[in-house]
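Here are the chains, one letter per residue:
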Amino acid sequence: MIRAIQPTSKASLKMQCLLVCNGDIEKAERLYDFMSKGLEDLPTFDNIPPTTMQQIKDGAVNTFTWLNENQEQVMNWVGIIKNMFGKGGGGNVPPTNAPLPPIN
């Protein structure tokens, strides 16, 4: 069971040691002292994961920032795609005030 211990913070390490020692606090404290040697930079608590809304908001902000920074390149891509479809036939749309050609 000791192999299953994967500490992400000091608090999680304490909880995992207590679980491995079946609630025996003295054994858990000795195991924690042994396991925590050399892990002084381990954070005290785990980071709180962002909420779904925060992830969506951050994703949208990152997307718009990227689009702003790469606006010229994106417009070049749009132009290339427009040209590809325009030259292949069927990509040209007649103006709205032009009469429709006969079907037959």
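Residues numbered from 1 in each chain as written. Predicted model: local features only at pLDDT ≥ 70, side-chain atom pairs only at ≥ 80, totals over all residues. Heavy atoms only, no water.

Colleague: Would you take a moment to explain the packing of aromatic side chains for this structure?
Modeller: In this description, a pair of aromatic rings is defined by centroid distance and the angle of the planes. The tally for this structure, following the rule as stated, stands at one aromatic pair. Directly above the aromatic system of Tyr32 lies the positively charged group of Lys14, at a separation of 5.3 Å from the ring centroid. (Phe/Tyr/Trp six-rings, centres within 6.5 Å; stacked < 30°, edge-to-face > 60°. Lys NZ or Arg CZ within 6 Å of the ring centre and 35° of its normal.)

Colleague: What am I meant to see in the nonpolar core here?
Modeller: One recurring pattern in soluble globular proteins: nonpolar side chains tend to sit buried together. Membership of the largest hydrophobic core is limited to eight residues, which are Ile5, Leu13, Cys17, Val20, Cys21, Ala28, Leu31 and Tyr32. Breaking this core down by element, the ones donating at least two residues are helix 1 (10-20) and helix 2 (25-36). When residues no more than four places from it in sequence are discounted, the contact partners of Tyr32 are Lys10, Leu13, Lys14 and Cys17. (Core = buried A, V, L, I, M, F, W, Y, C linked by side-chain atoms within 4.5 Å. Buried < 20%, exposed > 50% of the residue type's maximum accessible area, 1.4 Å probe, protein only. Helix = DSSP H or I, 4+ residues; strand = E, 2+ residues; numbered from the N terminus. Contact = heavy atoms within 4.5 Å.)

Colleague: Just checking my understanding: could you explain unusual backbone geometry for this structure?
Modeller: A negative phi holds for most residues other than glycine; trans holds for most peptide bonds. Positive phi, close to 55°, is recorded for Asn22, a residue that is not glycine. With respect to the helices, strands and loops of the structure, Asn22 is situated in the loop between helix 1 and helix 2.

Coordinates in, geometry out; function isn't part of it.
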